[in-house]
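# Structural features, examined
Here's the letter readout for the chains.
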Amino acid sequence: MTSNPEYRLFDLGSNPTLAAEIAEKLDLPLAKVQLEMFADNEIYERIEDSVRGMDVYVIQSISDPVNDNFIKLMIFIDAIRRTSAKSINVIMPYFGYARSDRKARSREPIVARLIADMLESQGVKRMLTMDLHTGQVQGFFDIPVDHLLAMPVQTHYFYERGLTGDDVVVVASNPSSLKMVQRFAKILGAQWALVDRRQDEDDQRTKPYQITGNVAGKVALILDDMIDTGRSMVLASEAIQAAGARHIEAVATHAVLSGSAVELLENSPIERVVVTNTIEVPANKRFSKLVDLSVAGTFAAGLKRVIAHESIAPVLLSPDNPEV
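Residues numbered from 1 in each chain as written. Predicted model: local features only at pLDDT ≥ 70, side-chain atom pairs only at ≥ 80, totals over all residues. Heavy atoms only, no water.

### Brief notes about the packing of aromatic side chains
Condition: Working definition: a ring pair exists when centres of Phe, Tyr or Trp rings (six-membered ring for Trp) sit within 6.5 Å. Plane angles under 30 degrees give stacked, over 60 give edge-to-face, the rest tilted. Secondary structure elements follow DSSP: runs of H or I of four or more residues count as helices, runs of E of two or more count as strands, with numbering from the N terminus. Throughout this description, buried means an accessible area under 20% of the type-specific maximum (1.4 Å probe, protein chains only), exposed means over 50%, and partly exposed covers the range between.
For the structure on display, the rule yields six aromatic pairs. Taking the centre distance of 6.1 Å and the plane angle of 90° together, the rings of Phe95 and Phe141 count as edge-to-face. One end of the pair, Phe95, is in the loop between β5 (87-92) and α3 (111-121); the other, Phe141, is in the loop between β6 (124-130) and β7 (145-148), and 46 residues separate them in sequence. The two residues Phe95 and Phe141 agree in class, both being buried. Seen from their ring centres, Phe158 and Phe184 are 6.2 Å apart, and the 70° between their planes marks the pair as edge-to-face. In this pair, Phe158 is assigned in helix α4 (residues 151-160) and Phe184 in helix α5 (residues 178-188), connecting sequence segments 26 residues apart.

### Let's talk about the side chain of Glu45
Put simply, the test is: Charge convention: Lys and Arg are scored as positive, Asp and Glu as negative, and His as well as the terminal groups of each chain are ignored. Salt bridge, as used here: a side-chain nitrogen of Lys or Arg that lies within 4 Å of a carboxyl oxygen of Asp or Glu. Think of a polar contact as two N or O atoms within 3.5 Å of one another; within protein, one of them needs to be a possible hydrogen donor and the other a possible acceptor, and neighboring residues in sequence only count if both atoms come from side chains. A contact between two residues is defined here by any heavy atoms of the two lying within 4.5 Å.
On the secondary structure map, Glu45 appears in strand β3 (residues 43-47). Nearest to the buried, unbridged Glu45 among oppositely charged side chains is Lys72, at 6.9 Å. Here Phe76 takes part through its backbone nitrogen, which lies 3.2 Å from a polar atom of the side chain of Glu45. If we ignore the near neighbours within four places in the chain, the residues touching Glu45 are Leu12, Gln34, Leu35, Lys72, Ile75 and Phe76.

### Here we look at the UniProt feature "domain: Ribose-phosphate pyrophosphokinase N-terminal" (unreviewed entry) in the protein
Defined as follows: UniProt positions are given in the numbering used here, feature names are shortened, and annotations may be inferred rather than shown by experiment.
Feature annotation in UniProt places "domain: Ribose-phosphate pyrophosphokinase N-terminal" (unreviewed entry) on residues 8-123, given in this structure's numbering. Split by type, residues 8-123 is 33% helix and 22% strand. Its first and last C-alpha atoms lie 17 Å apart.

### Some details on the packing of α4 against α5
Defined as follows: To get an axis, fit a line to the C-alpha atoms, keeping to the stretch in contact for a helix; angles then go from 0 to 180 degrees between the N-to-C directions. Oblique is the label for any angle not under 35 degrees, not over 145, and not in the 65 to 115 range, which are roughly parallel, roughly antiparallel and roughly perpendicular in turn. In this scheme, a crossing is called left-handed if the near helix is turned counterclockwise away from the far one by less than a right angle; it is called right-handed if the turn is clockwise. Amino acids outside the nonpolar list (Ala, Val, Leu, Ile, Met, Phe, Trp, Tyr, Cys, Pro) and the charged list (Asp, Glu, Lys, Arg) are all regarded as polar, and Gly is one of them.
The N-to-C vectors of α4 and α5 enclose an angle of 40°; their axes lie 10 Å apart at closest approach. Put simply, α4 runs oblique to α5. Considering how the two elements wind past one another, α4 and α5 form a crossing that is right-handed. Residue-level contacts link Met151, Gln154, Thr155, Phe158 and Tyr159 of α4 to Met180, Arg183, Phe184, Ile187 and Leu188 of α5. Residues that form the contact of α4 with α5 fall into these classes: seven nonpolar, two polar and one charged.

### Some remarks on the nonpolar core
The following threshold applies: Among buried residues, those of type Ala, Val, Leu, Ile, Met, Phe, Trp, Tyr and Cys that are joined through side-chain atoms within 4.5 Å constitute a nonpolar core.
Counting 36 residues, the largest nonpolar core has Phe10, Phe76, Ile80, Phe95, Leu119 and Phe141 as the members making the most contacts within it. Elements represented by at least two residues in this core include exactly β4 (55-59), α2 (66-81), β5, α3 and β6. If you tally residues by element for this core, the top one is α2, at seven residues. Once residues within four sequence positions are removed from consideration, Phe10 is found in contact with Leu30, Ala31, Lys32, Val33, Ile47, Val51, Val56, Tyr57, Val58, Ile59, Phe76 and Ile80. Ala236, Ala239, Ile240 and Ala252 belong to the second-largest nonpolar core, a separate cluster that totals 31 residues.

### Comments concerning the domain arrangement of the protein
Interfaces are often described in size by the accessible area the parts lose on coming together. What counts, and what does not: Either an automatic procedure or a domain database provided the assignment from which the domain bounds are taken. Here the quantity called buried area is the accessible surface, traced with a 1.4 Å probe, that two parts lose on coming together, added over both.
Its domain assignment divides the protein into domain 1 (7-148 + 296-315) and domain 2 (151-293). Inter-centroid distance (C-alpha atoms) of domain 1 to domain 2 is 28 Å. Taken together, the contact between domain 1 and domain 2 spans 18 residues of the former and 13 residues of the latter. Summed over the three residues of domain 1 that lose the most area to domain 2, namely Tyr94, Arg99 and Asp131, the buried surface amounts to 40% of that side. Viewed at the interface, domain 2 and domain 1 are joined by one salt bridge. On the surface where domain 1 and domain 2 come into contact, there are nine residue pairs in polar contact (both at pLDDT 80 or more). Within the residue set of the side of domain 1 that touches domain 2, elements represented by two or more residues are α1 (16-26) and α8 (296-307). Sorting elements by how many residues they give to the side of domain 1 that touches domain 2 places α1 first, with four residues. The class makeup of the residues in the side of domain 1 that touches domain 2 is seven nonpolar, seven polar and four charged.

Right, dumping it as structure tokens:
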């Protein structure tokens, strides 16, 4: 896909490597935007070229630093809106605040809905994202949301390594990820299992979590949408190790890696941590077990089909995305 005068692709810096890969696959240069931070941490942005009458696509995750990256996006949207662009479309590989999708207790906010309202109120017409924490977040938007999946890329990676069949078990670290785990296991022709995380009333766990399903002697893949503090993954790996698994790997789309996550994972029974590049992992958080898979092809294929007004269904099924 070559440069087209009818649309422009921008990157605001939350994940420059992924943005550059997407642009390369589309054969489309990233448009220029001037980004500066004043001494008091106020953010200044200016679109360097005219986008009047054009469809604008901007790549920006709500990832660490979460609030800075979000306000950069909102400032950019305002700048674009004031240039008489034809449409504003957001490519958000990682939707931060998606875990705040309901009121678990009284007097709590629903921040995911707030962000959806803020984006729509400023004129955003479409959003592409990947592996939302819960699918219901799509319902917070009244605009089209293309919910892409990392699963084709992830399962392809394990196929290439020969990790398929009855020798493999895909494990849900919590009940909320069970549906995703069952689909992942079906693609690999593998078994599935569930970590029982119920605790005593005093919330003091003195023995490993219990496992529903058979992991003894198998290669166990612990699957979740993200790894944040790493604690859930590590506790699940300890339970799986105690149940007799011979090899354990962690699989997640979003490598949030907050706090002491790197140290916990490095010292855990997990032998490999497989993530995608929806979040750019900085040098100080990279460690020996980390493997990151690129989802640039998925986003490029999805964006190409959106621009062409075609269905994105094939993108949800194929890890290769041959059209890009």
